[in-house]
Amino acid sequence: MRNRSLLILTAVVTTGALTLTACGSRDDDNKKSDSGKKTTVIIGVDAPLTGSLSALGQGIKNSVDLAAKTANKTNAVPGVEFKIEALDDQAIPASGQANATKLVGNKDVIGVVGPLNSGVAQSMQGEFDKANLTQVSPANTNPSLSQGDNWGKGEKKRTFKTYFRTATTDVIQGKFAAQYLYNDAKKKKVYVVDDKQTYGAGLAAIFAEEFKRLGGAVAGTDHVTVKETDFSSTADKVKSSGADSVYFGGQYPEAGLLADQIKKTGAKIPTMGGDGIYDPAFISASGESNEGDLATSVGFPVEKLETAKKFITDYAAGGYKDPYAAYGGYSYDAGWAIIEAVKAVVAANDGKLPEDARAKVTEAMSKVTFDGVTGKVSFDEFGDTTNKQLTVYSVKGGKWTDVKSETFKD
Amino acid sequence: MNELPQQLANGLALGALYGLIAIGYTMVYGIVQLINFAHGEIFMIGGFGALTTYIGLPSGISLFVAIPLMIIGGAIASVGVAVLAERFAYRPLRGAPRLAPLITAIGLSIVLQQLVWGWYPDAKKARSFPEFTGESFKILDNLIIQRADAFVLVLAPLCMLALGLFVSKSRNGRAMQATAQDPDTAKLMGINTDRIIVMAFAIGAAFAAIAAVVYGLDKGQIQFEMGFILGLKAFTAAVLGGIGNIYGAMVGGVVLGLAEALSIAYIEEIPGMQQLGGGAWANVWAFVLLIVVLLVRPQGLLGERVADRA
């Protein structure tokens, strides 16, 4: 009997230990204080560092890390040493909230970059607002995060004074996609599918409305469940509806499978999506050719921007294991916006970090303006970026290739 | 209604996949009354084992040569893990209250997932899997069967037939039945019940590996997380068909697959039900069906009413 309980205990402890090592944070203990007399300012990072969206999350983390290291090297804010603390939200809202609480609890954290997912952001905003802690998301595109739930009815109201973002919203992205598909790609009958998440459902609805306004028809709508993999019944519905294109609101794991399964039914029609599907994994994960599938993403392609050359070289020199992915440039700019705000606050306080640094930084954020990796970075009265550049990408020869970049005009 | 044949085919193919995985739940439950929640991960490991085998094969090899080898490679991986799990996680708990092995199974499932996530190269994202090339089979104007679907629709009944023959005719199979009926008496009759239990785990794992290869060929990718939802569905299929009955697992799988496909396609065409149709509600309807079946036949479609063992 004794032997048995010992075994149970071992099993439980091993299980726990293995789980913890596998998904534990790896940046918790980099607080070795070698900064001399410098004040340490921590920029928190929250992103999915594990799980199916980790490719994007790691890119965000590394890019913010690069911003912090660059600031330290160039002594951007005299007397201040920047560090990052990266937490993993696994794209789960509850984890995001727990991470937000943890970051709020660390008094050295003056600003936070993240998260990736709009749904996660919803659960974090309140925590940061209470603590007056600035949050800059490099990737959230859901409009209600900054403009309130009634933005669609024309009642825009800023909900959280601490929330900023460097990515443009789905209002712009969805309309931009509809205009491209209708005017440039000459598609008239679209089938709309979403994944029922904050980001996907919101984007798909905005897209559908604009597509109908332009004169196109919506052949049908359906929803898929995240993490499911068999969409063949939905694919056959798409085929029998006679649609000439599909719009998917959601992320690449489901999008890759859906686009693939639609093509396998014999319907040779393109699938289009938002920045959530603009990832190499969308193409590599599905064997069937994705040739001609489309995605919009925020901003101009980083590789083509004059302003991003230094970022790309520095990132390569930084020796990061994962690529900067879709949001690298925006993450760097988000981190740098916080650094700029800290700089303004420190300069206004005789070169020292004030006691109420968090509140001061939040105040300073709305006035931040600088030339970043992705162009001019500044925030409007809702905390949204004033940068409305968007790009349509198409799969050509197994790679995302940009086909149209434009600054959106309503 | 012209898409009905196509949707039936989709449902059958999906159901056959559920059925292949459900065998593992049902065999283990039938013999040791353990719900092996780590079985979804055994399935996933079968997939990664098959992928490893494929990568090891010379490139350009014909799929018809590669597939049997991949199934063998996948089965070695999944059976190995299942046997180790039985030996080190479940056997020590065999006399313990039933909740203990159940929780162990859930823990094991998390551990296996994280191990693959952490140690298999590039497993953090979906890994691409070889696919059939060439045209799908056009049976009717409104019925196109993809090669991978055709493969599972042929393979699953063959596997079931082989398993049925094994259980009813072979010496080991009859020992298995005896152990399921009464382990203590079986032991007194000279049956090595420990070996029989390991065998049940191994057969379930081998079927899971076959399912994983089928899944990979169909979807063109495998993911470290894929065992969770599919495992849950397969478990549902096993319960629906009558847990403990191997034919029940396949019947339950097919019924579940058809229910999902048809509810996605047709519920929304019923007047007034438009909001309750489509892919978003497929799981809801599948479970409504499960509840209805269990209300009418608590033992499942093909399950036998057995007195609860002490």
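Not measured: the values here are computed from a predicted model.

A. Representation of the UniProt feature "transmembrane region" (unreviewed entry) in chain B within the structure. All names here are of chain B. The sites that carry the UniProt feature "transmembrane region" (unreviewed entry) are, in the present numbering, residues 12-32, 39-57, 63-85, 97-120, 150-167, 196-216, 247-267 and 279-296. Counting secondary structure, residues 12-32 comes out at 100% helix and 0% strand; the distance between its end C-alpha atoms is 30 Å. Along residues 63-85 the backbone is 100% helical and 0% strand, and the end-to-end C-alpha distance reaches 31 Å.

B. Fine view of the interface of chain B and chain A. Tallying the contact residues gives 39 residues for chain B and 41 residues for chain A. Breaking the side of chain B that touches chain A down by element, the ones donating at least two residues are α1 (4-32), α4 (99-119), α9 (226-241) and α10 (246-266) of chain B. Here the element with the most residues in the side of chain B that touches chain A is α4 of chain B; it accounts for 8 residues. Tallied by class, residues from the side of chain B that touches chain A come to 16 nonpolar, 17 polar and 6 charged.

C. Structural context of the sheet that holds strand β13 (residues 389-396) of chain A. Residue and element names in this part refer to chain A. Strand order in the open sheet formed by 7 strands is β7-β6-β8-β9-β10-β13-β14, and the pairing between neighbours is mixed. Both outer strands of the open sheet, β7 (217-223) and β14 (399-407), are each paired with one neighbouring strand and no more. Neighbouring strand axes in the sheet, compared pairwise and without regard to direction, differ in orientation by 25° on average. As paired strands, strand β6 (residues 189-194) and strand β8 (residues 245-249) are joined by 5 bridges and run parallel to one another. Note that in β8 the partner of Val190 across the bridge is Ser245.

D. Broad picture of the nonpolar core. Val246 and Val342 of chain A together with Leu17, Leu20, Ala211 and Val214 of chain B are the most contacted members of the largest nonpolar core, which totals 215 residues. Ranked by residues supplied to this core, first place goes to helix α8 (residues 193-219) of chain B with 18 residues. Both domains that meet at this core, namely domain 1 (39-168 + 304-379) and domain 2 (170-298 + 390-407) of chain A, each give it at least three residues. If near-sequence neighbours (up to four positions away) are discounted, Val342 of chain A is found in contact with Val41, Val77, Val80, Ile110 and Val361 of chain A.

E. Just the sheet that holds strand β5 (residues 163-165) of chain A, in detail. Residue and element names in this part refer to chain A. Taken together, the 5 strands give an open sheet; going across it, the order is β2-β1-β3-β4-β5, and neighbouring strands pair in parallel fashion. Strands at the two margins of the open sheet, each flanked by one partner only, are β2 (80-88) and β5. Taken over all neighbouring pairs, the strand axes of this sheet differ in orientation by 25° on average, direction set aside. Here 3 bridges tie strand β3 (residues 109-113) to strand β4 (residues 134-137), and the two strands are oriented parallel to one another. Looking across to β4, one finds that Gly111 is bridged to Thr134. Seen against the sheet, helix α13 (residues 357-365) touches β3, β4 and β5 and runs at an angle of roughly 45° to β3.

How each quantity is defined
- Residues numbered from 1 in each chain as written.
- Chains lettered and ligands numbered in written order.
- Predicted model: local features only at pLDDT ≥ 70, side-chain atom pairs only at ≥ 80, totals over all residues.
- UniProt positions renumbered as here; feature names shortened; annotations may be inferred.
- Helix = DSSP H or I, 4+ residues; strand = E, 2+ residues; numbered from the N terminus.
- Contact = placed C-beta atoms within 7 Å.
- Nonpolar A, V, L, I, M, F, W, Y, C, P; charged D, E, K, R; others polar.
- Pairing = 2+ DSSP bridges.
- Axes fitted to C-alpha atoms, helices over the stretch in contact; angles between N-to-C directions.
- Core = buried A, V, L, I, M, F, W, Y, C linked by C-beta atoms within 7 Å.
- Buried ≥ 20, exposed ≤ 12 C-beta atoms within 10 Å, placed from the backbone.
- Domains from an automatic or database assignment.

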